[in-house]
Amino acid sequence: MEAKRIRYLYTLIQCLYWMTAGLMFNFASAYLLDRGFSNSQIGVVLGAAYALSAVAQPLVAALFNRSGIRLSSGMACVYAVAAVLAVLVLALPMKGGALAALIVGIFMLQSAMQPSLNSLHRGYALRGVEVNFGFARGMGSAAYSVMCALVGRLLYQLSPRMLPVLYLATMLLMIASLLAFRAPSCAAEVPAGERHSREPLLRRHPRFALLLAGVSLLATVHIFIDSFMLQIVRNVGGGSAQQGVVIAIAAMTELPAMVLYGKLSRRMGGGRVLCMAAWIWVVKDLLTALASSPAMLCAISLLQFASYAFYVPAAVEYVSDALPRQDFLAGQALVGTAFTLGSLAATFVGGRMLDLLGVRGALSGMQAFSVAGAALLSVAVLRPQLSVNKKFS
């Protein structure tokens, strides 16, 4: 009964996290445009959040790992701070720089929690409690899909200014769920004799950097498309309602993909699944640049099934197998940081590219990042020295 409660709670936490992420990052453009921000300014706001998150992710992971604090309790504290900032956005009549600073703070805290979320089940797994990460993460995608579809229509009918209210509601539910989860510390499960000194992880596993570079480049295009989807949809004749449908279709494909991932990885190996997902991701990005209607964007979003949806569990499994267990949380944090650095490039550079080149030109220019990222990731993962079940050297 206790194991079932743990699985239900972890699934709920994944759902709430991705609902909040969808509200924040996929509809940030709509909210900020409504508040008078330009495309370039939106890029700066989102980029600043990603930049701070890239710094915060490894620091938070190191703090949780060394202190032995429960991941769930630490995450609840971070979300409490984010909730306070959301209350300030609602309660105070701010605009311009002051509003941007609060938005940056909320988004930064949300992004900084993803590596901890992906590691939250690890402490229970080490104690023999089976928590199906793929299913829980897939349910998170399903919740994200429903949320995006509903919010896209609500914004069309009402106003983007309702978004902070929805942020706050999901954050409060997340805090309550995390406090109920009471995840054991991953660090506490590592025998003292296996703990390393404070030598940086990349110094001990230098080839891991190649994988991180590939992830960062792939993330650049992925986040550019997600962050500026409203502009992309408008360029082919749609609006916020169609934006919500495109995002929802992509997210709906993630649940079956993540549920099926376990069987696929047992046949192919997590590393090969990771490479396959990266190259299908490249195809998806290229077709997005060539799309000429909202219907085409909806069809292209189905490729999320075999790209990002496989990438997520494959990356978690690959890091778990390739790094020693005392480095698991730090490795997840570095993968999260790499993804965040790509997000930073997407928002800072992407906003300017949109203003200078237009939607079609910006999407075309982004393809070089996508191809380079898939190539680097493939070299890192498929080299014999870096294969699954062998530690990075």
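For the structure itself, look to the data block above.
What you see is a predicted model, and the numbers here were worked out from it, not measured in a lab. (Residues numbered from 1 in each chain as written. Predicted model: local features only at pLDDT ≥ 70, side-chain atom pairs only at ≥ 80, totals over all residues. Heavy atoms only, no water.)

A. Broad picture of helix α17 (residues 308-322). Taking 1.5 Å per residue, 15 residues should reach 21 Å; α17 reaches 20 Å between its end C-alpha atoms and fits that length. A large share of α17 lies buried, amounting to 13 of its 15 residues. (Helix = DSSP H or I, 4+ residues; strand = E, 2+ residues; numbered from the N terminus. Expected span 1.5 Å × (residues − 1). Buried < 20%, exposed > 50% of the residue type's maximum accessible area, 1.4 Å probe, protein only.)

B. Examining the side chain of S370 more closely. Here S370 lies in helix α18 (residues 328-382). Judged by its relative accessible area of 0%, S370 is buried. With sequence-adjacent residues up to four places away left out, S370 is seen in contact with L217, L218, V221, W281, V282 and D285. (Contact = heavy atoms within 4.5 Å.)

C. Inspection of the nonpolar core at higher detail. Ranked by size, the top nonpolar core spans 131 residues in total, and within it F107 and Y311 carry the most contacts. Here this core gets 19 residues from one element, more than from any other, and that element is α18. Setting aside residues no more than four positions away along its own chain, Y311 makes contact with V215, L274, A277, W281, V335 and F339. (Core = buried A, V, L, I, M, F, W, Y, C linked by side-chain atoms within 4.5 Å.)

D. Here's a closer look at the packing of helix α15 (residues 270-290) against α18. Interaxial distance between α15 and α18 falls to 9 Å at its minimum, and their mutual angle equals 160°. In terms of their interaxial angle, α15 and α18 are classed as roughly antiparallel. For the crossing formed where α15 meets α18, the hand is left-handed. Its residues placed into classes, the contact of α15 with α18 shows 17 nonpolar, six polar and three charged. (Axes fitted to C-alpha atoms, helices over the stretch in contact; angles between N-to-C directions. Parallel < 35°, antiparallel > 145°, perpendicular 65-115°, else oblique. Left-handed = near helix turned anticlockwise from the far one by under 90°. Nonpolar A, V, L, I, M, F, W, Y, C, P; charged D, E, K, R; others polar.)

E. Empty space enclosed by the protein, seen in detail. Within this structure, the stated rule accounts for two cavities of 30 Å³ or more. The computed volume of the largest cavity comes to approximately 700 Å³. W18, H222, I223, Y308 and F339 are, among the 44 residues lining the largest cavity, the residues nearest its centre. Class assignment for the residues of the lining of the largest cavity results in 23 nonpolar, 17 polar and four charged. Considered as a void within the structure, the second largest cavity measures approximately 50 Å³ in volume. Lining the second largest cavity are L211, V215, L274, Y311, A315, Y318, V319, V335 and L377. Listed by contribution, the elements that provide at least two residues to the lining of the second largest cavity are α11 (208-227), α17 and α18. Ranked by residue count, the leading element in the lining of the second largest cavity is α17, at four residues. A per-class count over the lining of the second largest cavity returns nine nonpolar, no polar and no charged. (1 Å grid on protein atoms, 1.4 Å probe; cavity = no way out; pocket = protein on both sides within 12 Å on 5 of 7 lines; lining within 4 Å. Points joined across faces, edges and corners; volume = space filled by probe spheres on them.)

F. Fine view of a nonpolar patch on the surface. On the surface, V283, L286, L287 and L290 cluster together to form a nonpolar patch covering roughly 340 Å² of accessible area. Position of L287 relative to the elements: it lies in helix α15. (Patch = residues over 30% accessible without salt bridge, like charges linked within 9 Å, V, L, I, M, F, W, Y side chains within 5 Å. Areas by Shrake-Rupley, 256 points an atom, 1.4 Å probe, with all protein chains shown as cover. Salt bridge = Lys/Arg side-chain N within 4 Å of Asp/Glu carboxyl O.)

G. Here's a closer look at the environment of A322. Within the secondary structure, A322 sits in helix α17. On the basis of relative accessible area, A322 is assigned to the buried category, the value being 0%. Sequence separation between A322 and F208 is 114 residues, and the spatial gap between their C-alpha atoms is 9.1 Å.

H. Just the environment of G331, in detail. Along the chain, G331 falls in helix α18. The class for G331 is buried, based on a relative accessible area of 0%. Along the chain, G331 and F208 lie 123 residues apart, while their C-alpha atoms are 8.9 Å from each other. What G331 contacts, discounting residues up to four positions off in sequence, is L201, F208, V319 and L323.

I. Summary view of the packing of aromatic side chains. All chains considered together, the criterion is met by 10 aromatic pairs. Considering the side-chain rings of Y17 and W18, the 4.9 Å spacing of their centres and the 80° angle between planes classify their relative orientation as edge-to-face. Overall, Y17 belongs to the buried group, its relative accessible area being 2%. Looking at W18, the relative accessible area reads 9%, which means it is buried. Counting every residue linked through ring pairs, the aromatic cluster contains W281, Y308, Y311 and F339. Between R137 and the ring centre of W18, over which it is positioned, the NZ or CZ distance is 3.9 Å. (Phe/Tyr/Trp six-rings, centres within 6.5 Å; stacked < 30°, edge-to-face > 60°. Lys NZ or Arg CZ within 6 Å of the ring centre and 35° of its normal.)

J. Geometry of the side chain of T253. Among the secondary structure elements, T253 is positioned in the loop between α13 (240-252) and α14 (254-268). Given the relative accessible area of 9%, T253 is considered buried. Within the structure, T253 has its side chain in polar contact with the backbone nitrogen of F305 (distance 3.2 Å). Sequence-distant contacts of T253, that is, excluding residues within four places in its chain, are made with S301, L302, Q304 and F305. (Polar contact = N/O pair within 3.5 Å; in protein donor to acceptor, adjacent residues only side chain to side chain.)

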